[in-house]
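Architecture and fold: a report
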Amino acid sequence: VTNLYRSGCTIKTHAGYVEDPASAAGQCQYYVTGAMGRFEHPIITTTEEALQYLDWDVVTRQQSFNKNRTKDFAAGMESCTPYAQTMIQYLKQNCPDARVCWQESWAYGVGYQHPNNEDEDPANDDPFLDVLDKETQVAMYEVIRDVCTAVCEQNEVDMIPTGDAWQLARVTLGDTINRSDLAHDG
C-alpha cells in the first residue's frame, strides 16, 4: 500500500501536476507501507513516478474537503469538477489494468475549530468558521457524500465509502476516531 501525499492538497492541485509534470517535481511525499512498516520513498515525488513504480491493482484519488468546499453541494462540485475528471482520465490512461476508484473522505470531528478562526462572535456566526457542532458535522458529511457520489457517477468509477464508514462508526463509538486535530484519521 502506498500513498502519494501533500498536506491539504486539493484535486485541482494534483490535476495541475499531471497537466504540467515539471511543476510536480518535489511537491509530494511518497510513502510505502508493508510488512516492515511505513517509510518515505527517497526519490518518488510525482504521480507519474508513482504510477511507473509498480504494476497497480487499484489506484484511488480523493478531494481534500474543508469548510469552503462543504458549505453546499455546488461549492463541493466546483472544487472537484473538472479536476476529478482530469485525474481519473489520467489514471485510466496510465494504469489501464488497474481499478480506478474515488475515496469519499470524512467530515471533521465535533469540536473542530478552523485554525484561522480568531473568535466565536455570535453576531458573525458561521458554523464552518466556529467550533464544529454535530449538526454542522452531519451537513459536512452529507455534502461530501453527495459530491463524491456525483463524481463517481460522472466518471464511471467506484467509490470507497470511507466517509460513510466514519459516520457509522461515530454512531457506535462516538466522535473518537479523529486525531487530536479533529480533522485527520486517528
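Use the structure listed above.
Below: a short report on this structure. Per chain, residue numbering runs from 1 following the sequence as it is written. Local features in this predicted model are restricted to residues whose pLDDT is 70 or higher, and side-chain atom pairs enter the listing and the counts only when it is 80 or higher, whereas totals over whole chains, interfaces and linings include all residues. The basis for the side-chain values is all heavy atoms of the structure; hydrogens and waters are excluded.

**Things to note about the overall build of the protein chain**
- What counts as a helix is a DSSP run of H or I of at least four residues, what counts as a strand is a run of E of at least two, and both are numbered from the N terminus. When helices and strands are counted, the protein chain shows seven helices and six strands.
- Along the protein chain, helices and strands appear, N-terminal first, in the series β-α-α-β-β-α-β-α-α-β-α-β-α.
- In this setup the radius of gyration rests on C-alpha atoms only. A globule is expected at 2.2 Å times the number of residues raised to 0.38. A globule of 186 residues ought to have a C-alpha radius of gyration of about 16 Å, and the protein chain, at 17 Å, matches this closely.
- Principal-axis analysis of the C-alpha atoms gives the protein chain an extent of 50 × 35 × 30 Å.
- In this scheme, a residue with accessible area under 20% of its type's maximum is buried, one over 50% is exposed, and one in between is partly exposed, where area comes from a 1.4 Å probe on protein chains only. Here the protein chain holds 186 residues, and 42% of them are scored as buried.
- Across the protein chain, contacts joining residues at least 24 apart in sequence account for 66% of those joining residues at least 6 apart. Throughout, a residue-residue contact means that at least one pair of heavy atoms, one from each residue, lies within 4.5 Å.

**Observations concerning the sheet that holds strand 3 (residues 37-40)**
- The sheet built from three strands is open, its strands ordered 1-2-3 with antiparallel pairing. Whereas interior strands pair on both sides, the edge strands pair on one side only; in this sheet they are strand 1 (2-5) and strand 3. Looking at each pair of strands side by side, their axes are set apart by 20 degrees on average, direction ignored.
- Two strands make a pair as long as DSSP finds a minimum of two bridges between them. When strand 2 (residues 29-34) meets strand 3, the two strands line up antiparallel, connected through four bridges. Bridging across to strand 3, Gly34 finds its partner in Gly37. The axes are straight lines fitted to the C-alpha atoms, using for helices just the contacting stretch, and the angles between their N-to-C directions are given from 0 to 180°.

**Brief notes about the side chain of Arg69**
- Note on placement: Arg69 falls in the loop between strand 4 (58-61) and helix 4 (73-80).
- None of His or the chain ends enter the tally, which takes Lys and Arg as positive and Asp and Glu as negative. By salt bridge we mean one thing: a side-chain nitrogen of Lys or Arg within 4 Å of a carboxyl oxygen of Asp or Glu. As a buried residue without a salt bridge, Arg69 has its nearest oppositely charged side chain in Glu78, at a separation of 9.8 Å.
- If near-sequence neighbours (up to four positions away) are discounted, Arg69 is found in contact with Thr10, Gln63, Ser64, Ala75, Gly76, Ser79 and Val143.

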